[in-house]
Amino acid sequence: MAVPPPGESALVDLINSLPEHEGTWGPPITTETTLNGVPYAPFSKSDKLGRMADWTDNKDGRDGRGGRQQFNRNFRDQQVYGAGSASLFTPPVAEDEASFSVVSNVRDSTKTRFGRGAVFTRGRGGQRGGRGDARGAGGRQQFQRAGRGGQYGGGYDSRGGARGGGNARGGRRFGWKDYDKPARNRDASINIKPNWTLLEEIDYNRLSKLNLETDEGEDIDSYGFVNAYDRSYDKPPVKNSERKLLALDRAAYNVTTSVDPIIQELADKEEATIFATDSILSMLMCAPRSVYSWDIVIVRQGNKVFFDKRDNAALDMVTVNENAADAPLEASEGSKDSINQPTALAEEATYINHNFANQVVLEQHKVSMAHENPFYSPEESVPPASKAYKYRRFDLSTTEESPTYLIVRTELDAVQKSALNNENQFVTVHALNEFDSKAQGSGGGLDWRTKLVSQRGAVVATEMKNNSCKLARWTVQSILAKADVMKIGFVSRANPKTNDKHVILGVVGWKPKDFANQMNLQLSNGWGIVRTIADMVLQQPEGKYILVKDPNKNILRLYQVPAGSLDDEEEEVAEPVQRAEE
């Protein structure tokens, strides 16, 4: 093809006008950074169009809260061309605005919800102490009235906290940096000795999967008496006329399984394979809800299993806010309020429950059971408390070929007339206690004095969360006793600074099974736990065993205990069983 001469084609003229350059062609390379006097930033022809101006860009590459580096999802594929060169649009460094602050003489009065500044930990410190002593061969529990519990160390102010308890003025929310809290190191309820043999470790996940359906049980015999419940306590108190909690001296008994003479007779008659009391059995059935350490002594003799407890064991104490997200602190964990430590609160709650059950009954009206109280002696100078003992049997058999029965001693506290048919309804009585709604360990509870009547549902829901194990145990005990009504009182300190004076703010009644449904409490799971532990012991040789809740983990451990290894008090518990077998 012949090339046309110049001047005859515009394209040829354009090509001929291009500058000659070896190996390349295109616009001439220039070092100019301005276009008609206006500077422009370095760019690439492949750059995607983004923003004309980015006012949200941070010089340090972090967001305004100091969080992780932000990656824009819409423009993260954008090429960063010329990022290594100095930006022409950067303003001259003047004063740093980040260091700017407003100077004001007005005190910051912003209050947080919980009014606390310290970092809280969770758990229980040393062993529980000062629980009273056992008196008499029958194992009567002497309840001592809880005093001040030591010198009040932390002080109290109107800002909702203890003075000296922390160096921060502001508060912090529950759940804030929980992952950064140091783990609490609680002490076990019993010292594990080196000569004990570990047989089994059971975590809560395994326990929660157990299931055993059983019947409602049958009554074998009943002992003692109950007084009529005073219905006037069901009415909300009139303003400025709260009822004080009175200290009534009544004989209350807390006898373990092996010492109970009625259970010994039933064991000799081969009435059942497993024997326990409602307090011990409820702790075992509600084990997955427990946080604090506890222990149960298990004795196997022949083909029988006895679930026992040690004297002054953790099972006898009524815990306070055990399941709260921020449970009360021990002194070893930095608590300054001696009366608000777990040990002192447990003694106070036990004292309140003992006296509350005696106060809300009318002693002039009494309903007697078939037999007299088996633990009360006429020589006692103190009248017996209103208490009926019902021995009930449950079928825990899994096959018809090998029947397995359990006998449990249950307790009832009062009786009332039904509003429908005027028949007797048996009642169990318990009490929740409020120590200080603003103190550490209160679990974010509402002020009962102002909220119990208007927001009773919210108060009960908070207690179900903070005291899940305690309420579950009370519900299980009521169902085991086949009680018609479970009465729960709300008792608060007359003054948050002292723990020896209390007032009754109200009483609420529930049907035990309805309350169990509200708490999502499955009795079939509890029966599965009891049967599993009993089968583990029945597979072992005769002897003594102990089931211990790990103080810091959700694990139960079963130990085989050599003869004479436990304390002297524990040996006294087992001696009546040995004499009965001989």
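Residues numbered from 1 in each chain as written. Predicted model: local features only at pLDDT ≥ 70, side-chain atom pairs only at ≥ 80, totals over all residues. Heavy atoms only, no water.

Draft legend 1. Region of the structure containing the overall build of the protein. Looking only at helices and strands, one finds 11 helices and 19 strands in the protein. Residues classed as buried in the protein amount to 46% of the 582 residues present. Of all intrachain contacts in the protein linking residues separated by at least 6 positions in sequence, the fraction that spans at least 24 positions is 77%. Accessible area for the protein stands at about 32,700 Å²; split by element, carbon and sulfur atoms hold 49% of it. (Helix = DSSP H or I, 4+ residues; strand = E, 2+ residues; numbered from the N terminus. Buried < 20%, exposed > 50% of the residue type's maximum accessible area, 1.4 Å probe, protein only. Contact = heavy atoms within 4.5 Å. Areas by Shrake-Rupley, 256 points an atom, 1.4 Å probe, with all protein chains shown as cover.)

Draft legend 2. Seen up close, the environment of G224. In this structure, G224 sits in strand β6 (residues 218–229). A relative accessible area of 5% places G224 in the buried class. Sequence separation between G224 and S368 is 144 residues; the distance between their C-alpha atoms is 6.3 Å. Other than its neighbours up to four places away in sequence, G224 contacts S368, M369, H371, E372, N373 and K387.

Draft legend 3. Quick look at the pattern of salt bridges. Counted under the stated rule, the structure contains 18 salt bridges. Of the charged contacts, one joins R557 and E201 as a salt bridge, the two residues approaching to 2.9 Å between their closest N and O atoms. Here R557 is found in strand β19 (residues 555–561), whereas its partner E201 is found in strand β5 (residues 197–203), with 356 residues between them in sequence. We note a salt bridge from D550 to R557, for which the minimum N-O separation is 2.2 Å. In this structure D550 comes out as buried when scored by relative accessible area, which is 12%. On the basis of relative accessibility, which here comes to 14%, the residue R557 falls in the buried class. Each member of the salt-bridge network shares a partner with another, and the members are E201, D550 and R557. (Salt bridge = Lys/Arg side-chain N within 4 Å of Asp/Glu carboxyl O.)

Draft legend 4. How the structure looks around a nonpolar patch on the surface. Among the surface-exposed residues, L11, L14, I15 and L18 lie close enough to one another that they form a single nonpolar patch of about 410 Å² accessible area. Here L18 shows up in the loop between α1 (10–17) and β1 (34–35). (Patch = residues over 30% accessible without salt bridge, like charges linked within 9 Å, V, L, I, M, F, W, Y side chains within 5 Å.)

Draft legend 5. Summary view of helix α5 (residues 342–359). Under the 1.5 Å per step criterion, the end-to-end length of α5 is 25 Å for 18 residues, consistent within 8% with the ideal 26 Å. The buried fraction of α5 is high, at 17 of 18 residues. (Expected span 1.5 Å × (residues − 1).)

Draft legend 6. Main features of helix α4 (residues 278–285). Summarising burial for α4: eight of the eight residues are buried, a large majority. Buried residues of α4: D278, S279, I280, L281, S282, M283, L284 and M285, and no others.

Draft legend 7. Region of the structure containing the environment of R300. With respect to the helices and strands, R300 occurs in strand β9 (residues 295–301). On the basis of relative accessibility, which here comes to 16%, the residue R300 falls in the buried class. In the structure, R300 is positioned 234 residues away from A534 in sequence and 9.3 Å away in space, judged by C-alpha atoms. With residues near it in sequence (within four places) discarded, R300 still touches V537, L538, Q539, Q540, P541, E542, G543 and Y545. Within the structure, the side chain of R300 is placed 2.9 Å from the backbone oxygen of L538, a separation counted as a polar contact. (Polar contact = N/O pair within 3.5 Å; in protein donor to acceptor, adjacent residues only side chain to side chain.)

Draft legend 8. Representation of empty space enclosed by the protein within the structure. Scanning all chains against the criterion turns up six cavities of 30 Å³ or more. At the level of secondary structure, the elements contributing two or more residues to the lining of the largest cavity comprise α4, α5, β13 (405–412), β15 (424–434) and α8 (468–480). The element contributing the most residues to the lining of the largest cavity is α8, with six residues. When its residues are assigned to classes, the lining of the largest cavity shows 17 nonpolar, 16 polar and 12 charged. Estimated volume of the second largest cavity: approximately 100 Å³. Considering only residue class, the lining of the second largest cavity consists of four nonpolar, five polar and three charged. (1 Å grid on protein atoms, 1.4 Å probe; cavity = no way out; pocket = protein on both sides within 12 Å on 5 of 7 lines; lining within 4 Å. Points joined across faces, edges and corners; volume = space filled by probe spheres on them. Nonpolar A, V, L, I, M, F, W, Y, C, P; charged D, E, K, R; others polar.)

Draft legend 9. Representation of the packing of α4 against helix α10 (residues 523–538). Close contact between α4 and α10 brings their axes to 8 Å; oriented N to C, the two are set at 105°. If you check the angle between α4 and α10, you find them roughly perpendicular. Residue-level contacts link L281, L284 and M285 of α4 to L523, G526, W527, I529, V530 and I533 of α10. Considering only residue class, the contact of α4 with α10 consists of eight nonpolar, one polar and no charged. (Axes fitted to C-alpha atoms, helices over the stretch in contact; angles between N-to-C directions. Parallel < 35°, antiparallel > 145°, perpendicular 65-115°, else oblique.)

Draft legend 10. Local environment of the nonpolar core. Core analysis: the largest hydrophobic core is formed by 65 residues, its most contacted members being W294, I298 and F307. Not counting the four nearest positions on each side in its chain, I298 is found in contact with V305, F306, F307, I533, V537, G543, K544, Y545, L547 and L558. Ranked by size, the runner-up nonpolar core spans 24 residues in total, among them A251, L266, V297 and Y559. (Core = buried A, V, L, I, M, F, W, Y, C linked by side-chain atoms within 4.5 Å.)

Draft legend 11. Up close: the pairing of strand β16 (residues 485–493). Counting buried positions along β16 gives nine out of nine residues, so the element sits mostly inside the fold. Residues V485, K487, G489, V491 and R493 point to one face of β16 and M486, I488, F490 and S492 to the other, with burial holding for every one of them. Direction of pairing for β15 relative to β16: parallel, over a ladder of eight bridges. Across the sheet, the residue bridging to L432 is F490, located in β16. (Pairing = 2+ DSSP bridges.)

Draft legend 12. Expanded view of the packing of aromatic side chains. Counted by the stated rule, this structure contains eight aromatic pairs. Measuring from centroid to centroid gives 5.6 Å for Y223 and Y391, while their planes differ by 85°, and the two rings are edge-to-face. Taken together, the residues span a long stretch of sequence, with Y223 in strand β6 and Y391 in strand β12 (residues 387–395) at a distance of 168 residues. Owing to a relative accessible area of 0%, Y391 belongs among the buried residues under this scheme. Taking 6.2 Å as the distance between ring centres and 40° as the angle between the ring planes, the aromatic pair formed by Y253 and F375 counts as tilted. Placement of Y253 in the loop between β7 (243–244) and α3 (261–268) and of F375 in the loop between β11 (361–368) and β12 is noted, with a sequence separation of 122 residues between them. The burial state of Y253 is the same as that of F375; both residues are buried. An aromatic cluster of three or more residues is present, and its members are Y253, F375 and Y389. Between R243 and the ring centre of Y233, over which it is positioned, the NZ or CZ distance is 4.1 Å. Lying over the aromatic face of F426, K390 brings its terminal NZ or CZ to 5.6 Å of the ring centre. (Phe/Tyr/Trp six-rings, centres within 6.5 Å; stacked < 30°, edge-to-face > 60°. Lys NZ or Arg CZ within 6 Å of the ring centre and 35° of its normal.)

Function cannot be inferred from these measures alone, as they are strictly geometric.
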